[in-house]
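A structural walkthrough
Here is how the chains run, residue by residue.
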Amino acid sequence: AKADRIDIIEDDIGEKYIEIIDYKTGKLPSKKDVSSGKSIQLLVEAVIAKNNGFNIGNFIVNNIIYIKLSEKHNKSGKLEIDERANLLNNISLM
């Protein structure tokens, strides 16, 4: 897997975490698609990142974000799923 974009974010108390972003030209998956395992691309990338598979260091994956790209501004969109949704907490490599 290759992530479209990984951002290392530092919060106001100095803690660092990462956000994994996937740019979509087609339809964005729904939160239900992601949580049910129907759309697993960023979840797989989160597992890879959680295990330092992208060689960027050991950071908590705080957000996975799908961003729709469109030629028409009114058709763009964003789906953001954060760590607090517990989708990423229970994932591990077998």
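If you're wondering where the values come from, they're calculated on a predicted model, not measured in any experiment. (Residues numbered from 1 in each chain as written. Predicted model: local features only at pLDDT ≥ 70, side-chain atom pairs only at ≥ 80, totals over all residues. Heavy atoms only, no water.)

Digging into the overall build of the chain
The criterion, for reference: In this description a helix means any DSSP run of H or I spanning at least four residues, a strand means any run of E spanning at least two, and both kinds are numbered starting from the N terminus. Here the term buried applies to any residue with accessible area under 20% of the maximum for its type, exposed to any over 50%, and partly exposed to those in between, with areas from a 1.4 Å probe on protein chains only. It only takes one pair of heavy atoms within 4.5 Å for two residues to be counted as in contact.
Helix and strand content of the chain: two helices and four strands. When burial is assessed residue by residue, the chain has 32% of its 94 residues classed as buried. Partitioning the intrachain contacts of the chain with sequence separation of at least 6 by distance along the chain shows that 54% fall at a separation of at least 24.

Notes on the pairing of strand 3 (residues 60–68)
Short version of the rule: The criterion for strand pairing is that DSSP finds at least two bridges linking the strands in question.
When you tally the buried positions in strand 3, you get seven out of nine residues, the bulk of the element. Relative to strand 3, strand 2 (residues 16–24) runs parallel, the two sharing eight bridges. Opposite aspartate 22, over in strand 3, you have tyrosine 66 as the bridge partner.

What to know about the nonpolar core
Side chains that are nonpolar tend, in soluble globular proteins, to be buried together. As a reminder of what qualifies: Definition of nonpolar core: a set of buried residues of the types Ala, Val, Leu, Ile, Met, Phe, Trp, Tyr and Cys, connected through side-chain atoms within 4.5 Å.
Core analysis: the largest hydrophobic core is formed by twelve residues, namely Ala3, Ile18, Ile20, Leu28, Val34, Leu42, Leu43, Ala46, Ala49, Val61, Ile64 and Tyr66. Sorting the residues of this core by element identifies strand 2, helix 2 (41–50) and strand 3 as the ones contributing at least two each. It is helix 2 that provides the largest number of residues to this core, a total of four residues. Setting aside residues no more than four positions away along its own chain, alanine 49 makes contact with Ile18, Ile20, Phe54, Gly57 and Val61.

Describing the confidence of the model for the chain
The following threshold applies: Predictor confidence is given residue by residue as pLDDT, running from a minimum of 0 to a maximum of 100.
A residue-level look at the chain finds 76% of positions with pLDDT of 70 or above and a mean pLDDT of 79. Within the chain, no element has a lower average pLDDT than strand 4 (residues 77–82), which sits at 66, and none a higher one than strand 1 (residues 5–10), at 92.

Here we look at the pattern of salt bridges
Inclusion rule: Salt bridge, as used here: a side-chain nitrogen of Lys or Arg that lies within 4 Å of a carboxyl oxygen of Asp or Glu.
Evaluation of the coordinates by the stated rule reveals two salt bridges. Between aspartate 7 and arginine 5 there is a salt bridge, with its nearest N and O atoms 2.7 Å apart. When its relative accessible area of 35% is taken as the criterion, arginine 5 is described as partly exposed. Taking the shortest distance from any N to any O, the salt bridge between aspartate 22 and lysine 24 comes out at 3.1 Å. Residue classification places aspartate 22 among the buried positions, given a relative accessible area of 3%.

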